[in-house]
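# An overview of the molecular structure
Residue strings, one per chain:
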Amino acid sequence: MDKRILYYSGLIWGKLPLITAVGISILAVLLACTDTNTPVSLRPEVTTRYLIWVGGIGAILAAVSILRPESPGDIESLATVQTKTSRVILSRWAIVLTLNVVPAWGALLVATLLSGRPLLATWASGAIAYLSAIVLMGGVALYFSAIGRQSLIGIVGGIFFLLVVTLVPIPERFQAINMLRSGEAWTQPNLWWGSRLTYISIGTALGWMGSVRLGDFDYLLTGRRATSAQSNPSHRTTGKRTPNLFPDQFFAFGRNALPLGSGFLANAWVYDAWQVLLRGAFPIAVLSLVILTCGLACFGLDWEIHLAIDAPRSAMLFGTLIIPLLTCDTIPAERRMGSDQLSLSARSLPAYLKDKVFGNVAVVWIALLIGALPVCIFYFLTIMMDTRLSIAALVMWSGITLPYFIYLTAISTQLGALFGGRSGYVAGVILAVGGIILYVLTGEIPLLNYLFPCGPAAADTLFGWVQGFPPERLSGPSLVVPLWTLVLFPLSALIQIIIFYKASIAILLRRSA
Amino acid sequence: MITIQNVFKTYPGGCHAIHDISLTFDAGVYGLLGPNGAGKTTLMRLLVGLLRPTSGKIEIDGLSLASPEGQEHVRKVLGYLPQELGLHGVLTVEQELDYFALLKGLRSEVARRKEVAYLLEQVGLVEQHRLRIKDLSGGQKRRLGIAVSLIGQPHLLIVDEPTAGLDPAERVRFRNLLSELGAEGRVVILSTHIVDDIAQTCRELIVIQSGTILFQGSVSILTKYAQGQVWVTTNADEIAGLDPSRLVSSCQKEDGTETRFIGQSTPLARTVQPTLEDAYLLLIHNLLRPDF
């Protein structure tokens, strides 16, 4: 392929992988240098695990951005291209993969150097583990995006796949097949190398099948796979296209038929929430499912402790990755649709932003409720008498997880607004990567837990409190008693949301002046 | 030459966007007119190979679009300007043209540079060639889209709403460009709602409604059919009694509001020379004389 094409493709589709690359490099160095909970010799493996999470999200977003099936402009611009479309898509995918993988390998090299382990062997296992995971994630996302004819299906499908392979427990003797593991390359080499080869093969095959499907314009535009021209079709009266495919309906149901007359709902944010719910049933379902999976994926673990403390903690970790991606694009998407009249017809810019924030918050709250409720019910069915654990569960879900999700949603929506008409996904990736870095740092810096109220240290404190330890005996940062946490975390989140809201409004007003 | 034979296009769900259409396009500029949802964009997507017909045959220069050779051939000879532009905001105008020229198969850097300079001149974007696409105005983006469609001097040019968003001077300029291309022996198919663009540019006109062809022929023939069916009146009572679909325009004059309408006359109305717009409205409202 011509090197100029590679250069232009890098310019167009390289932004997301590069942001991811910067994020994972910072994360890798941070983990390698500051993670005092992990022995120095094990840090490369821990770093690889985190990098696969963050880099996997980046790979998913980058893969689906190379051709958005829902955008006729993207599809039609390829109508006159000489090269086979599937080849064009594969070459774009290769570029975004390279931009993702190569900097991550560099970051892993730094982490390995700092660990003092045998350089080549340790680095190679981490690098191969990362490469195989990224190829698999990208391939899955590309395939889902193509068959679902929606890039959002690719994003959500890819993230859900990442979640499943991360959370499904694997017996200790088969840990070598764990996608996140790199250390078993030397203890169980056959199984480890075999599984890496399998991941790369599956990822490549899915990516190839996805690119072939993306090259089938008839399928992308109509939803039916093009074979040969059919003879003697039964022709009825002519009319407009009404696609009735499952994904289209799923995303679009209610889009043209909101049963709301003006004045039916008094507050615009309720209308916004209603609209988000109708339009985004799929992402909401996924967020709920993620929370539910985090709650129930605890086979072999201590049920009670897991359901009360670990489940909300892992929900927060995955929420850090998913919520920014779901909410950052709310305002940019509206602008891209050309519906500036929506913001113009609002009472004022602050009111418009506030409505959007409240709308998204309401939706995320509903998703949390749907996901967490079965976990809580299951918890109460399992242990009803343990008062301390019940308080801990209450604090974790309502005092920490809920304010944190609201905080993330509000900040993400506003950050998306600051990005103007550009894709909010870029802001989403920045926030997701930044969120994971802060999440890791909260384990090291106690004060940061109040500034970024994501809760791992609070979870550790609660765990200690449940076990009956006095706070000073806890290994992690001591965070006062649970009831204090119940007040302090929401308060910190609220103050930050207000400050960020004021700052966003000031910037947006200055920009529009 | 493009030949379309008994083409049907049915979307999943059973809706028929194109219903038994047969057409032949030789060198020249052809206009495609029709109301929203008539099937114009579907027809153009079928012609460029983005969609495949449910039944029927499309041939370009004797090669069937269903065959791999035909698909390869159409990509070589085709220039296509879709309604929704798929431009890349981060590239500059010059880079975007260079990128599409590469994808189009122009490997020589010298040839590409020459082509890009020529196209920038053609669409009046010389001064903006270093601007990023995201910083262009809507009209400038449309002009860039036109330039992209002209890369490689295509033998077949299909343009969907090309002049939407252009200022009057640019519209005239683009219309002249299309006429020149048609006169050079290329096939140019222009789909638009701006009837004046077709009247000024096209040798032949195809009117399509609900996926079927209502009219195919020259602009002058269609206008001729409308003779004696276009009227003006200033009498308010007469206007009040007319079906709103028959009203073409209203204009304030010294002696009151002059209303132009189509169809049957009223006692005080006087006949006027029909335009293509009048004829088109008569056609789609099924009001043309029975001998049509």
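Note that the structure is predicted; figures quoted are calculated from it, not measured. (Residues numbered from 1 in each chain as written. Chains lettered and ligands numbered in written order. Predicted model: local features only at pLDDT ≥ 70, side-chain atom pairs only at ≥ 80, totals over all residues. Heavy atoms only, no water.)

## Regarding the pairing of strand S4 (residues 55-60) of chain B
All names here are of chain B.
- Pairing geometry for strand S1 (residues 2-11) and S4, over 5 bridges, is antiparallel. Note on S4: the bridge partner recorded for Gln5 is Lys57.
- Relative to strand S5 (residues 63-64), S4 runs antiparallel, the two sharing 2 bridges. Counterpart to Ile60 in the pairing with S5 is Leu63.
- Linking two consecutive strands that pair antiparallel, namely S4 and S5, is a turn of 2 residues; a positive phi of about 50 degrees is found at Asp61 within it. (Pairing = 2+ DSSP bridges. Helix = DSSP H or I, 4+ residues; strand = E, 2+ residues; numbered from the N terminus.)

## Overview of the environment of Asp197 of chain B
Residues and elements named next belong to chain B.
- Here Asp197 lies in helix H7 (residues 195-201).
- For Asp197, a relative accessible area of 1% puts it in the buried group.
- Linking Asp197 and Val172, residues 25 residues apart in sequence, is a C-alpha distance of 8.5 Å.
- Setting aside residues no more than four positions away along its own chain, Asp197 makes contact with Thr163, Arg171, Arg175, Leu190 and Thr192. (Buried < 20%, exposed > 50% of the residue type's maximum accessible area, 1.4 Å probe, protein only. Contact = heavy atoms within 4.5 Å.)

## Regarding the packing of aromatic side chains
- Considering all chains together, one arrives at 9 aromatic pairs over all chains under this definition.
- With a centroid separation of 5.9 Å and an interplanar angle of 75 degrees, the aromatic rings of Trp105 of chain A and Trp123 of chain A are classed as edge-to-face. Taken together, the residues span a long stretch of sequence, with Trp105 of chain A in helix H5 (residues 85-115) and Trp123 of chain A in helix H6 (residues 119-148) at a distance of 18 residues.
- Pairing Tyr99 of chain B with Phe100 of chain B gives two aromatic rings, centres 5.8 Å apart and planes at 65 degrees, and the pair type is edge-to-face. Judged on exposure class, the residue Tyr99 of chain B and its partner Phe100 of chain B are both buried.
- Grouped by ring-pair contacts, the aromatic residues Tyr404, Phe405, Tyr407 and Phe452 of chain A constitute a single cluster. (Phe/Tyr/Trp six-rings, centres within 6.5 Å; stacked < 30°, edge-to-face > 60°.)

## Observations regarding the packing of helix H4 (residues 109-123) of chain B against helix H6 (residues 168-183) of chain B
Residues and elements named next belong to chain B.
- Orientation of H4 relative to H6, taken along the N-to-C sense of each, is 125 degrees, at an axis distance of 10 Å. Here H6 runs oblique to H4, going by the angle between their axes. In contact with Glu121, Gln122 and Val123 of H4, H6 contributes Glu170, Arg173 and Leu177.
- Partitioned by chemical class, the residues of the contact of H4 with H6 number 2 nonpolar, 1 polar and 3 charged. (Axes fitted to C-alpha atoms, helices over the stretch in contact; angles between N-to-C directions. Parallel < 35°, antiparallel > 145°, perpendicular 65-115°, else oblique. Nonpolar A, V, L, I, M, F, W, Y, C, P; charged D, E, K, R; others polar.)

## Structural notes on the side chain of Gln128 of chain B
All names here are of chain B.
- Here Gln128 is to be found in the loop between H4 and helix H5 (138-149).
- By relative accessible area, Gln128 is classed as buried at 14%.
- When residues no more than four places from it in sequence are discounted, the contact partners of Gln128 are Val93, Leu136 and Gln140.

## Side note on the packing of helix H3 (residues 43-65) of chain A against helix H7 (residues 151-167) of chain A
All names here are of chain A.
- Where H3 contacts H7, the axes come no closer than 9 Å and their chain directions differ by 155 degrees. Comparing their axes, H7 and H3 come out roughly antiparallel. Judged by the sense of rotation from one axis to the other, the crossing of H3 with H7 is right-handed. For the pair H3 and H7, the contacting residues are Trp53, Ile57, Ile60, Leu61 and Val64 in the first and Ser151, Gly154, Ile155, Gly158, Ile159, Leu162 and Thr166 in the second.
- For the contact of H3 with H7, a count of residues per class yields 8 nonpolar, 4 polar and no charged. (Left-handed = near helix turned anticlockwise from the far one by under 90°.)

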